[in-house]
Amino acid sequence: MSEPSAPGAVRLASAQGRWVLLTAVLGSGMALLDGTVVNVALPRIGEDLNADLAVLQWTVTAYLLTLSSLILLGGALGDRFGRRRVFVIGVVWFATASLLCGLAPHAGVLIAARALQGVGGALLTPGSLALIQAVLRPEDRARGVGAWSGLGGVAAAVGPFIGGWLVDGAGWRWVFFLNVPLAAVCVPVALRHVPETRERGARGRRGFDVLGAVLGALALAGVTYALIAAPNGGAGPGVLVPAVAGVLLGVLFVQVERRRADPMLPPAIFRIRQFSAINAVTVCVYAAFSGFFFLSVLQLQVVVGYSALQAGTALLPTTVLMLLLSARSGELGQRTGPRLPLTVGPLLCAAGLLLMMRVGRGASYFTDVLPALVVLGAGMVTLVAPLTATVLASVDVDRAGLASGINNAAARAAGLMAVAALPLLAGFGPEAYRSPDAFAAAFLRAMPLCAGVLVVGALIAWLTVRSDALRPEPGAEEPCHAKTTYHCGVTAPPLDPGETREDNASHER
């Protein structure tokens, strides 16, 4: 066991600094790989388990439901009980749930295990970046986060390829088994080489908003269940009761958060106009992205006839563009201000989604699929980095960690709602993915819906985001992680709720 190091005292260039970086990358890499490989496996999962489209939706949404509901609580647990401890628990939990997913004998067990995976993800995702922020010296944090972001992007980029290769070869269950050896490497490295850190004065100073987390999860679960069940249940009690219950629980959640002294989701932060605006843009953008990537992998396999490996590889251009150009996009947004890229970016993405309407039976990759993905990728490059920076710039530095966590949770909740609602809105029947003609027709209805949501996001950005939102105040330091890009699944906000207010304040000191 290595000697413990004081918080914020480890150099990135040291052996221990590199071990800390490796630990963070391995942990977040599990979640990143899982987010990209599972979508590729969906058609084969449905075929093997004789499942309808609702099961495929739940395979995605069960994970997003628990992750988005508990990610803020997971960051708080790490602050209180130790970031390494909670991170390691999250990695072990995630790997155990992954093993259960791979062994699932039927759809019910798979969905339950996916929900458990989300709990593990809520513990390890905040901790991965928080380890770097808390352990490394302040002057090394920017380089550490940049390296973590770049290596995480590589994991996101190779995920669809690995997922397709596993599905076509060993089978879809190995998509989940893959997390077990990653955890077997990550946990010993973390325990041996990463010092424990926690928020100063956390013990006994504040409680945990467990009630808020439970109410938020139940509210999302009720609405999600109703949206997924509606194609089969119509407007019957089995749909209306959970829908109404979800809405009422959502209202109760808001009331609890307003009255709690130290809420998980402080309503007061939404009184900041720029913060509320950028989160509205986030919801629109990531709802459209999640809906598109959920359906496009199915479209390529069910309608175009791609194998899982071909479908996963086909989507690589968007991630490659993000890897190559996100840093430059962040610099451009800094110079022009965020209003322009946050307006142009969603419009480019909308154009890419409309171009995907050309992708049907007999489509050519180079003349039909690739142009749409390049336009989509260009839009993602244009908007993601400025969106990230604007989230941080919209609040005081001592609330940057809270703001980034809320933005991360908002993006994941938006993805959850999109995957649940889009098949209903576009008219996908329960067996649509078994019929190329039926799926293709519904896909043509879905893409304009996603594009419309992106246009709404562009309008919100143009009308509400200030052009000077990224200009630092005189004498102020730029946050060390303002220009990072963090890919989760295909893409997700590059911010992490694991940072505490004290951590952010230490950047300024």
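**Let's talk about the overall build of the chain**
Within the chain, the secondary structure is distributed over 17 helices and zero strands. Of all 509 residues assigned to the chain, the portion counted as buried reaches 59%. Here the analysis covers contacts within the chain between residues at least 6 apart in sequence; of these, 84% occur between residues at least 24 apart. For the chain, the computed accessible surface area is about 18,900 Å², with 67% contributed by carbon and sulfur atoms.

**A few points about the layout of surface pockets**
The volume enclosed by the largest pocket comes to roughly 710 Å³. Taken together, 25 residues make up the lining of the largest pocket; nearest its centre are Leu-220, Phe-253, Leu-265, Ala-410 and Ala-413. Elements with a contribution of two residues or more to the lining of the largest pocket: α2 (53-81), α8 (210-233), α9 (237-259), α10 (273-303) and α15 (400-426).

**Some details on the environment of Phe-275**
Following the sequence through the fold, Phe-275 ends up in helix α10. Sequence separation of Phe-275 and Val-395 is 120 residues, and the distance between their C-alpha atoms is 7.0 Å. Excluding anything up to four places from it in sequence, Phe-275 contacts Ile-269, Phe-270, Val-391, Ser-394, Val-395, Ala-403 and Ile-406.

**Points about the side chain of Gln-16**
Following the sequence through the fold, Gln-16 ends up in helix α1 (residues 15-48). A distance of 3.1 Å separates the side chain of Gln-16 from the backbone oxygen of His-193, its partner in a polar contact.

**Focus: the packing of aromatic side chains**
Describing an aromatic ring pair means giving the distance of the ring centres and the angle of the ring planes. Per the stated rule, a full pass over the model turns up nine aromatic pairs. For the ring pair Tyr-365 and Phe-366, a centre distance of 5.5 Å and an interplane angle of 85° mean the geometry is edge-to-face. Take Phe-366: its relative accessible area is 63%, and that puts it in the exposed class. Its guanidinium or amino end placed over the ring of Trp-462, Arg-339 lies 3.9 Å from that ring's centre, counting from NZ or CZ.

**Overview of unusual backbone geometry**
Even without being a glycine, Asn-50 presents a positive backbone phi close to 50°. If you trace the backbone, Asn-50 turns up in the loop between α1 and α2.

**Things to note about helix α3 (residues 83-103)**
Taking 1.5 Å as the rise per residue, α3 with 21 residues should run 30 Å; its terminal C-alpha atoms sit 30 Å apart, in good agreement. Turning to α3, its buried residues are Arg-83, Val-86, Phe-87, Val-88, Gly-90, Val-91, Phe-94, Ala-95, Ala-97, Ser-98, Cys-101 and Gly-102.

**Notes on the pattern of salt bridges**
With the rule as written, the count across this model stands at nine salt bridges. When the shortest N-O distance is used, the salt bridge between Arg-83 and Asp-79 registers 3.5 Å. Given the relative accessible area of 3%, Arg-83 is considered buried. Residue Asp-79 is classed as buried on the basis of its relative accessible area of 4%. Measuring nitrogen to oxygen at the nearest pair gives 3.0 Å for the salt bridge that ties Asp-468 to Arg-466. On the accessibility criterion, Asp-468 (36% relative accessible area) is partly exposed.

**Structural notes on the nonpolar core**
By size, the foremost hydrophobic cluster in this structure holds 135 residues, and its most contacted members are Phe-289, Leu-295, Leu-300, Leu-376, Phe-428, Phe-439 and Met-447. Among the elements that make up this core, the one with the highest residue count is α10 (16 residues). Those residues in contact with Leu-300 that sit more than four places away from it in its chain are Gly-305, Tyr-306, Ala-311, Ala-314, Leu-315, Val-359 and Val-369.

**Here's the deal with helix α7 (residues 179-193)**
With 15 residues, α7 extends 21 Å from end C-alpha to end C-alpha; this agrees with the ideal 21 Å at 1.5 Å per step. Of the residues making up α7, those classed as buried are Asn-179, Ala-183, Cys-186, Val-187, Val-189, Ala-190 and His-193. Contacts made by the buried residues of α7 are with α1, α3, α4 (107-135) and α6 (173-177).

**A short note on a nonpolar patch on the surface**
A grouping of Leu-340, Val-344, Leu-347, Leu-348, Val-455, Leu-459, Trp-462 and Leu-463 is seen on the molecular surface, where their side chains present a nonpolar patch of about 700 Å² in accessible area. Contributions of two or more residues to the nonpolar patch are made by α13 (339-355) and α16 (436-464). For Leu-459, the location among the structural elements is in helix α16.

**Digging into the environment of Ala-213**
Mapped onto the elements, Ala-213 comes out in helix α8. Taking the C-alpha atoms as reference points, Ala-213 and Phe-253, 40 residues apart in sequence, are found 8.5 Å from one another. Once residues within four sequence positions are removed from consideration, Ala-213 is found in contact with Ser-69, Leu-70, Leu-73 and Met-264.

**Examining the packing of α1 against α3**
Where α1 meets α3, the closest approach of the two axes is 11 Å, and the angle between their N-to-C directions is 35°. The interaxial crossing formed by α1 with α3 has left-handed handedness. When α1 is examined against α3, the residues Thr-23, Gly-27, Met-30, Ala-31 and Asp-34 are found in contact with a partner set consisting of Phe-87, Val-91, Phe-94 and Ala-95. Residues belonging to the contact of α1 with α3 are distributed by class as follows: six nonpolar, two polar and one charged.

**Concerning the confidence of the model for the chain**
The predicted model of the chain has a mean per-residue pLDDT of 84, with 88% of residues at 70 or higher. Predicted confidence for residues 474-509 stays below pLDDT 50, and this span has 120 contacts to residues more than four positions away or in other chains.

**Description of the packing of α3 against α4**
Relative orientation of the contacting elements α3 and α4 amounts to 155°, with a least axis distance of 7 Å. One finds that α3 runs roughly antiparallel with respect to α4. The crossing of α3 and α4 is left-handed. A per-class count over the contact of α3 with α4 returns 19 nonpolar, seven polar and three charged.

About the criteria used
Residues numbered from 1 in each chain as written. Predicted model: local features only at pLDDT ≥ 70, side-chain atom pairs only at ≥ 80, totals over all residues. Heavy atoms only, no water. Helix = DSSP H or I, 4+ residues; strand = E, 2+ residues; numbered from the N terminus. Buried < 20%, exposed > 50% of the residue type's maximum accessible area, 1.4 Å probe, protein only. Contact = heavy atoms within 4.5 Å. Areas by Shrake-Rupley, 256 points an atom, 1.4 Å probe, with all protein chains shown as cover. 1 Å grid on protein atoms, 1.4 Å probe; cavity = no way out; pocket = protein on both sides within 12 Å on 5 of 7 lines; lining within 4 Å. Points joined across faces, edges and corners; volume = space filled by probe spheres on them. Polar contact = N/O pair within 3.5 Å; in protein donor to acceptor, adjacent residues only side chain to side chain. Phe/Tyr/Trp six-rings, centres within 6.5 Å; stacked < 30°, edge-to-face > 60°. Lys NZ or Arg CZ within 6 Å of the ring centre and 35° of its normal. Expected span 1.5 Å × (residues − 1). Salt bridge = Lys/Arg side-chain N within 4 Å of Asp/Glu carboxyl O. Core = buried A, V, L, I, M, F, W, Y, C linked by side-chain atoms within 4.5 Å. Patch = residues over 30% accessible without salt bridge, like charges linked within 9 Å, V, L, I, M, F, W, Y side chains within 5 Å. Axes fitted to C-alpha atoms, helices over the stretch in contact; angles between N-to-C directions. Left-handed = near helix turned anticlockwise from the far one by under 90°. Nonpolar A, V, L, I, M, F, W, Y, C, P; charged D, E, K, R; others polar. pLDDT = per-residue confidence, 0-100. Parallel < 35°, antiparallel > 145°, perpendicular 65-115°, else oblique.

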